[in-house]
Amino acid sequence: MKKAQTLEDMYNSFEFNRPLNENEYDFFENIYDAKLTRFISDVKRNKMHQNIFFIAGQRGNGKSTILNNLKNKNQAFEESYEIRHIQAMEVFDISEVDIVDILLVIGFDLIDNNKLDGAKTKELRDKFEKKLQELQELSSGELEKTSSEASSTLKQGSVEGSLSTKANFFSYFSAESKLSAIYKTDKHIREEAKKRYRFKTKDLLNTINSLIDAYKRLSNSPKEILLILDGLERLSNIDNINKIFTEDIALLRDVKCFKIITMPLYLKEVIDINDIKPIDFTMEIKDGKIKNIDKLKVLIEKRIENSALMTPEAIDLAVQMSGGNIRQLLEIIQRASTEAIDIFETDKVDVDEIKSAMEILKGHYASRTQINSDFLKKIKETHKIENEEDYSSLAKTIKDGLVFAYFNGTVYYDINPIIAENLN
């Protein structure tokens with residue numbers, strides 16, 4: 001990514017659908033001040049694998065950018081940890097994820113993404129295959145090998161109907177395949193995995209821990225594994241999210257490595273594992289106003305080379321209507337830049353272009369705003385949740401970007417500024 005010198009450049013410089021990667025730290029602006037400092041320091045001090053560091057937030061708050069840039073923020077991370085960053089959107093079918101999927105993908109990632117030589121990678125894969133087969137045999141007593149017909153068909157990627165429960169699980173993958181990629185794209189294999197391991201999750205955890213031990217031995221590195229599970233809060237099935245973070249989180253706690261896990265914002269007040277409280281990356285509120293919102297102006301300035309491309313008034317309005325959400329801020333400006341080129345035929349983004357962009361975005365939210373209008377009006381008036389029955393609506397509206405949450409000692413909810421007029 002490069003700083004924008006023209007309006008055409010702004011479309012890419014303000015891309016909102018991806019986080020900054022670790023090579024784009026020059027564009028990073030720490031809008032969370034002491035929160036980020038405390039978080040990094042606490043992770044560095046921690047010596048217990050069972051401690052999980054939870055990051056609570058909603059889409060667009062910059063969690064993934066922060067996680068991508070950890071080792072740039074502090075050199076000790078690169079020296080002390082092998083960071084294994086698993087992005088949920090890349091490896092899971094987000095509509096149906098459960099603890100079996102998560103544990104298996106942790107194992108797949110060790111095999112798919114490592115710097116071991118070919119022989120050691122094969123040894124690791126063979127060990128995982130053997131352990132999963134032993135786990136299957138432990139519960140079913142089935143010692144039969146996969147039939148040559150099933151093995152041949154499955155290795156060609158054609159799975160029809162239910163897979164054989166007698167088959168070695170790894171026979172469902174070709175020898176050179178990326179395990180995570182096949183697992184994400186093949187629904188039948190995922191169904192088979194759940195059939196085999198859903199009621200043996202503790203044993204599956206032990207299998208993953210055995211694989212981690214083998215990996216550390218083969219890699220012969222002094223670095224500890226720091227596992228980042230990023231994006232679980234974006235899973236589409238809210239019931240699955242709740243189960244992972246309430247009933248199954250103890251299994252993740254016992255994975256034998258250091259862990260950072262992102263989680264849904266609405267569960268921040270609920271989850272409490274070993275007295276570790278989730279840290280939230282949200283803006284703070286004081287007297288009903290967002291604190292330090294001027295830091296978002298710096299974020300904008302870091303992406304523009306030619307300051308004449310946006311007027312100060314346009315920047316002020318974009319920041320105000322972002323609600324402190326980085327993703328929304330970037331989307332407003334990206335859309336405003338195309339409005340300036342295509343509709344207003346001007347050479348800069350001013351207030352009119354920002355307003356036009358907001359009208360477009362407001363339309364994107366119109367139907368969802370109408371469906372949830374009663375709940376949204378309540379949030380607009382009270383800024384809080386008053387009973388447990390409201391939690392399902394809160395989860396949905398936060399996920400849909402209709403409600404933003406802010407923490408400053410206590411939680412403060414507000415509606416997305418973009419939809420305010422739709423509620424009048």
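Residues numbered from 1 in each chain as written. Predicted model: local features only at pLDDT ≥ 70, side-chain atom pairs only at ≥ 80, totals over all residues. Heavy atoms only, no water.

K.L.:
Where do I start with the environment of A318 in this structure?
P.N.:
In this fold, A318 is placed in helix α16 (residues 312–322). When its relative accessible area of 0% is taken as the criterion, A318 is described as buried. As for A318 and I354, which are separated by 36 residues in sequence, their C-alpha atoms are 6.5 Å apart. (Helix = DSSP H or I, 4+ residues; strand = E, 2+ residues; numbered from the N terminus. Buried < 20%, exposed > 50% of the residue type's maximum accessible area, 1.4 Å probe, protein only.)

K.L.:
How do you make sense of the packing of aromatic side chains when you look at a structure like this?
P.N.:
Each aromatic ring pair is described using two quantities: the centre-to-centre distance and the angle formed by the ring planes. Counted by the stated rule, this structure contains 13 aromatic pairs. Judged by centre distance (6.0 Å) and plane angle (80°), the rings of Y81 and F258 are edge-to-face. With Y81 in strand β2 (residues 81–87) and F258 in strand β4 (residues 258–264), this pair connects stretches of sequence that are 177 residues apart. F258 gets classed as buried once you look at its relative accessible area, which sits at 8%. An aromatic cluster of at least three residues, connected via ring pairs, comprises F108, F128, F169, F170, Y172, F173, Y183 and Y197. (Phe/Tyr/Trp six-rings, centres within 6.5 Å; stacked < 30°, edge-to-face > 60°.)

K.L.:
How should I be thinking about the nonpolar core in this particular structure?
P.N.:
Soluble globular proteins tend to pack their nonpolar side chains together in the buried interior. With 132 residues, the main nonpolar core has F39, F169 and L252 as its most contacted residues. For this core, the element with the most residues is helix α7 (residues 99–112), which contributes 10 residues. (Core = buried A, V, L, I, M, F, W, Y, C linked by side-chain atoms within 4.5 Å.)

K.L.:
I keep staring at the pattern of salt bridges and nothing clicks. Help me out?
P.N.:
Opposite charge on two side chains permits pairing when their charged atoms draw close. Following the criterion strictly, the structure yields 31 salt bridges and no others. As a salt-bridge pair, R84 and D109 come within 3.0 Å of each other at their nearest N and O atoms. Here D109 lies in helix α7 and R84 lies in strand β2, a separation of 25 residues in the sequence. Residue classification places R84 among the buried residues on the basis of a relative accessible area of 6%. D254 serves as the salt-bridge partner of R253, at 3.2 Å between the closest nitrogen and oxygen. If you follow the salt bridges from partner to partner, you end up with E29, D33, K295 and K302 in one network. (Salt bridge = Lys/Arg side-chain N within 4 Å of Asp/Glu carboxyl O.)

K.L.:
Explain unusual backbone geometry to me, please; I cannot follow it from the model alone.
P.N.:
Generally, phi is negative for residues other than glycine and the peptide bonds are trans, each holding for most cases. One non-glycine residue, D33, lies in the positive phi region at around 50°. Mapped onto the elements, D33 comes out in the loop between α1 (7–13) and α2 (34–45).

K.L.:
I keep staring at helix α11 (residues 187–197) and nothing clicks. Help me out?
P.N.:
Residues spaced three or four apart along an α-helix point in a common direction, a consequence of the helix completing one turn every 3.6 residues. When we look at burial in α11, the residues that qualify are I189, R190, E192, A193, K194, R196 and Y197. Measuring from the side-chain oxygen of the N-cap residue of α11 to the backbone nitrogen of H188 gives 3.1 Å; that N-cap residue is D186. (Polar contact = N/O pair within 3.5 Å; in protein donor to acceptor, adjacent residues only side chain to side chain.)

K.L.:
Looking at this structure, how should I read α2?
P.N.:
In this model, α2 (12 residues) spans 16 Å end to end at C-alpha, consistent with the 16 Å of a helix rising 1.5 Å per residue. Among the residues making up α2, those that are buried are K35, L36, F39, I40 and V43. The buried residues of α2 occupy one face: seen down the axis, they fall within an arc of 125°. The exposed set on the far side of α2, more than 90 degrees from its buried face, consists of R38 and R45. (Expected span 1.5 Å × (residues − 1). Arc of directions from axis to C-beta.)

K.L.:
I tried to follow the side chain of D230 on my own but got confused; where do I start?
P.N.:
Looking at the element boundaries, D230 is found in strand β3 (residues 224–230). Buried and unpaired, D230 has no salt bridge, with K63 as the nearest side chain of opposite charge at 6.1 Å. A polar contact of 2.8 Å, which involves the side chain of D230, links it to the side chain of S64. For D230, the side chain forms a polar contact with the side chain of Q87, separated by 3.5 Å. In this structure D230 touches S64, L67, H85, I86, Q87, A88 and T262, once residues within four positions along its chain are discounted. (Lys, Arg positive; Asp, Glu negative; His and termini not counted. Contact = heavy atoms within 4.5 Å.)

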